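Letter by letter, the chains look like this.
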Amino acid sequence: MKYHDEITHRRTFAIISHPDAGKTTLTEKFLLFGGAIQVAGAVKSNKIKKSATSDFMEIERQRGISVATSVMSFEYQDILINLLDTPGHKDFAEDTFRTLTAVDSVILVVDSVNGVEEQTRRLMEVCRMRDTPVIVFINKMDRDGKNRFDLLEEIEKELNISLHPMTWPINSGKDFKGVYNLSDKNLRLFAANTKADEEDTLNITDINDPVLETRLGTQDAATLREDVELVDGVNGALNVADYLAAKVSPVFFGSAINNFGVKEMLDTFIRIAPVPLSRETTQRKVDVEEEKLSGFIFKIHANLDPKHRDRIAFFRVCSGRFERNKYYHHVRLDKEVRFSNPYSFMARDKSIIQDAYAGDVVGLFDTGNFKIGDTLTEGEDFYFTGIPSFSPEIFKEVINKDPLKTKQLEKGLLQLTDEGVAQLFTQFGGTKKIIGCVGELQFEVIQYRLLHEYGASVEFRALPFYKACWLTSKDPKKLEEFTKFKLANSGEDKDGNVVYLAQSEWFLNTEITNNPDIEFHYSSEIHKQD
Ligand code: G4P
């Protein structure tokens, strides 16, 4: 129980959204509340601009800036909040998925005009896989959005979650008048660019109070009463245990840019969001209150700028206390390592830290010793489970243009895939190396880095695959027969797991139907429980 107070003092979470829904704006408002920044606009540089989609060096430059904002720590109401940033650019979706393994909860921002979008769907899949508690913020209520009931139904259906409205909006767009807080039973009237403490709050003990007519008008007062009766009838009070078990998601309506409805959500977040929890490993469950240090690497950021060739590995502390200059056990390399310059992050500044506790994220300077999923302990051998690797969406064969550099190429491919830039498969029945990525941009990054960092010159040849599935079977013979028969479509990943590369959904479904003894998995875990 030595570190009990440190642990319960922390909340580690991420804000996720489809690009443009308002993640950056909301992040900024949180930082303003936490006093971590003083002026609006300070976080904007963190965002990868849309215009840069074809220029990866520009994106890398912007990502370089974003290293400092990868983890934003600030205090709010005596709670230390670690907000982990996730890249908005869809080509970096894998980064986001992995970051989700390092948080204890999530705030999902949905644009009230666009509703559920592609990225929202995929991000929520990861949250559901891990039973991550989610709070939903429906943003941009100052714009003419979808009907509130339709929107909630769409979110519930599309994301397969159960919602619990905490506030209820009065209209949207230019008629947006504010939100009614269903638990505190007060009304907050909307004004553009509100400073939280100046928000116009009307305390009413009875929804039938005639003051509603005065402030909202007869029609809107009547609609609000009907809505509230309906919602309250279905809802009742929020069951926090259900939220923590990821069975229900509280929902807030607001407008991030106008700082409206943000503080309300942050206050609830502080009250209900989970503290760092115990985590499963390949050997046993690690209790978050154990005194010995344990944690894992969930992200590696390599800087492409030749002037700053640093690589930062992001380490999530899961138990114990991380100390500067102390030796820890690097499980995979079976080696003792220590860090003289571990970083913590505070808004845009990086600073060297002396110690860190469960829930914290430490930036470790790395010269190539780490790969995603690596564990540090005080001697014990285990890996944290539940760090998924998803199927890439674009597959290309690596063509070596300079046979004299084959060794360098192999080393480069291994290191880059350790960083999680891409996945590497080797086709059975040959030595064909296949790179799989989520976005086209990664191929440019890989080609550039192989040449500049390893001296290896490559080209890529597009392959007609659309998905990789990891195969398992209780009967190893069946698996062997299948891969023999499907040589062109099967291979192994870097860890020797058998993979089927499907040309289309139709092929995949046909194989699933024809091979009932084989299990097809859409994701693989980096470390599985023994
Ligand atoms: P992201 O990080 O999720 O990609 O979104 P971001 O916060 O950058 O917001 C995307 C756009 O939506 C921005 O406008 C932002 O100002 C706007 N926005 C955020 N919250 C609200 C809101 O509550 N209401 C309205 N009407 N707009 C909102 P932009 O024009 O793309 O950028 P900027 O020129 O404002 O920086």
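Reading guide: rules and limits
For every chain, the first residue of its written sequence is number 1, and the numbers climb from 1 along that sequence. Where local features are concerned, this predicted model is filtered to residues with pLDDT of at least 70; where side-chain atom pairs are given and counted, the filter is 80 or more; whole-chain, interface and lining totals use all residues. Derived side-chain values reflect all non-hydrogen atoms in the structure, with water molecules and hydrogen atoms excluded from consideration. Only strands joined by at least two bridges in the DSSP assignment are considered to pair. Here a helix means four or more residues in a row that DSSP labels H or I, a strand means two or more in a row labelled E, and each is numbered from the N terminus. Only the stretch in contact is used when a helix axis is fitted, and all axes are lines through C-alpha atoms; the angle between N-to-C directions ranges over 0 to 180 degrees. Residue contacts are counted whenever heavy atoms from the two residues lie within 4.5 Å of one another. Only buried residues count toward a nonpolar core, which is a set of Ala, Val, Leu, Ile, Met, Phe, Trp, Tyr and Cys residues joined through side-chain atoms within 4.5 Å. The rule is simple: take the accessible area with a 1.4 Å probe, protein chains only, and divide by the maximum for that residue type; under 20% is buried, over 50% is exposed, in between is partly exposed. For the domain bounds, the source is a domain assignment made automatically or taken from a database. Centre distance within 6.5 Å is the pairing criterion for rings of Phe, Tyr and Trp, where only the six-membered ring of Trp is used; planes under 30 degrees apart are then read as stacked, over 60 as edge-to-face, and the remainder as tilted. Note on geometry: a ring has a charge over it if NZ (lysine) or CZ (arginine) is within 6 Å of the ring centre and within 35 degrees of the ring normal. We call a residue near a molecule or strand whenever a single non-hydrogen atom of that residue lies within 4 Å of it. Think of a polar contact as two N or O atoms within 3.5 Å of one another; within protein, one of them needs to be a possible hydrogen donor and the other a possible acceptor, and neighboring residues in sequence only count if both atoms come from side chains. Accessible areas in this description were obtained via Shrake-Rupley with a 1.4 Å probe; residue shielding takes into account the shown protein chains only. Residue polarity is assigned by list, with Asp, Glu, Lys and Arg as charged and Ala, Val, Leu, Ile, Met, Phe, Trp, Tyr, Cys and Pro as nonpolar; anything else, Gly included, falls into the polar class. The arc in question is the one spanned by the directions pointing from the helix axis to the C-beta atoms. Here, a salt bridge means any Lys or Arg side-chain nitrogen found within 4 Å of an Asp or Glu carboxyl oxygen.

1. Focus: the sheet that holds strand β1 (residues 10-17)
Next, step 1: Strand order in the open sheet formed by seven strands is β2-β3-β1-β4-β5-β11-β6, and the pairing between neighbours is mixed. Pairing within the sheet leaves two strands with one partner each, and these edge strands are β2 (71-76) and β6 (163-165). Sheet twist, expressed as the mean angle between neighbouring strand axes with direction ignored, is 30°.
Next, step 2: Note that β2 and strand β3 (residues 79-84) share six bridges and pair antiparallel. Opposite S73, over in β3, you have N82 as the bridge partner.
Next, step 3: Lying on the sheet, helix α10 (residues 262-272) is in contact with β1, β2, β3, β4 (105-111), β5 (134-139) and β11 (249-253); it crosses β5 at an angle near 180°.

2. Points about the sheet that holds strand β31 (residues 498-502)
Next, step 1: What the eight strands build is an open sheet, ordered β28-β25-β27-β26-β30-β31-β29-β32; its pairing is antiparallel. Looking along the sheet, the strands with just one partner apiece sit at the ends: β28 (458-462) and β32 (518-521). The average undirected angle you get between the axes of adjacent strands in this sheet is 40°.
Next, step 2: Two elements, strand β26 (residues 423-427) and strand β27 (residues 433-437), share four bridges in a ladder whose sense is antiparallel. When the bridges of β27 are listed, Q423 appears paired with G436.
Next, step 3: In the packing of helix α13 (residues 476-485) onto the sheet, the strands contacted are β29 (467-473), β30 (490-493), β31 and β32, and the crossing angle to β29 comes to about 145°.

3. Topic: the nonpolar core
Side chains of a nonpolar character, in soluble globular proteins, are inclined to be buried together.
Next, step 1: Residues L224 and F322 are the most contacted members of the largest nonpolar core, which totals 77 residues.
Next, step 2: For this core, the element with the most residues is strand β15 (residues 311-319), which contributes six residues.
Next, step 3: Two domains share this core, each providing at least three of its residues, namely domain 1 (4-179 + 241-271) and domain 2 (279-377).
Next, step 4: Judged by nonpolar contacts, the second largest core, of 30 residues, contains F74, I135, F137 and V248.

4. Side note on unusual backbone geometry
Most peptide bonds take the trans form, and the phi angle of most residues other than glycine is negative.
Next, step 1: Non-glycine residue D78 carries a positive phi angle of around 65°.
Next, step 2: When you line up the elements, D78 lands in the loop between β2 and β3.
Next, step 3: Its relative accessible area of 63% is what places D78 among the exposed residues.
Next, step 4: Located in the positive-phi region is N325, a residue other than glycine, with phi close to 70°.
Next, step 5: Overall, the relative accessible area of 36% leaves N325 in the partly exposed class.

5. Observations concerning the pairing of β4
If a strand is regular, its side chains alternate between the two faces of the sheet.
Next, step 1: Burial analysis of β4 places seven of its seven residues in the buried class, which makes it a mostly covered element.
Next, step 2: Residues of β4 alternate between two faces, with S105, I107, V109 and D111 on one and V106, L108 and V110 on the opposite face, all of them buried.
Next, step 3: Relative to β4, β1 runs parallel, the two being bridged by five bridges. Its bridge partner being in β4, S17 is matched across the sheet by V109.
Next, step 4: Of the pairings in the sheet, the one linking β4 to β5 comprises six bridges and is parallel in character.

6. Considering the packing of aromatic side chains
Next, step 1: Overall, the coordinates contain 24 aromatic pairs when judged by the stated rule.
Next, step 2: Grouped by ring-pair contacts, the aromatic residues F315, F322, Y328, F339 and F370 constitute a single cluster.
Next, step 3: Sitting over the face of the ring of F314, K299 holds its NZ or CZ atom 5.2 Å from the ring centroid.
Next, step 4: Above the ring of F443, the side-chain terminus of K396 is found at 4.6 Å from the ring centroid.

7. Considerations on the side chain of T86
Next, step 1: By the secondary structure assignment, T86 is in the loop between β3 and α4 (93-99).
Next, step 2: A residue is classified by how much of its surface remains accessible, and T86, at 2% relative accessible area, is buried.
Next, step 3: Those residues in contact with T86, other than ones at most four positions away along the chain, are A14, I15, I16, K23, T96 and T99.

8. Some thoughts on the site of the ligand
Next, step 1: With respect to spatial proximity, 18 residues lie near the ligand, and among them D20, T24, T25, D142 and S255 are the closest.
Next, step 2: One of the backbone N or O atoms of A256 is found 3.1 Å from an oxygen atom in the ligand.
Next, step 3: For the ligand, whose accessible area on its own is 710 Å², the fraction buried by protein is 71%.
Next, step 4: Broken down by element, the residue count for the shell around the ligand peaks at three residues, all from helix α2 (residues 23-33).
Next, step 5: Each residue belonging to the shell around the ligand can be placed in one class, and the counts come to four nonpolar, seven polar and seven charged.

9. Digging into α13
Helical geometry: 3.6 residues make up each α-helical turn, so side chains three or four residues apart lie on a common side.
Next, step 1: Buried within α13 are the following residues: L479, F482 and T483. The buried residues of α13 occupy one face: seen down the axis, they fall within an arc of 90°. Exposed side chains of α13 directed beyond 90 degrees from the buried face belong to K477, E481, K484 and F485.
Next, step 2: Contacts made by the buried residues of α13 are with β29, β30, β31, α14 (505-514) and β32.

10. A few points about the pattern of salt bridges
Next, step 1: For the structure on display, the rule yields 38 salt bridges.
Next, step 2: For E158, the salt bridge is made with R121, and the minimal N-O distance between the two is 2.7 Å. Linking E158 in helix α6 (residues 148-159) with R121 in helix α5 (residues 118-130), this pair joins segments that are 37 residues apart in sequence.
Next, step 3: Residue classification places E158 among the partly exposed positions, given a relative accessible area of 38%.

11. Some points on the side chain of R11
Next, step 1: With respect to the element layout, R11 can be found in strand β1.
Next, step 2: Among the polar contacts listed, one links the side chain of R11 to the backbone oxygen of T8, at a separation of 3.0 Å.
Next, step 3: A polar atom in the side chain of R11 sits 3.3 Å from the backbone oxygen of A273.
Next, step 4: R11 has contacts with I79, L80, I81, N82, F269, I270, A273, P274 and V275, leaving out every residue within four places of it along the chain.

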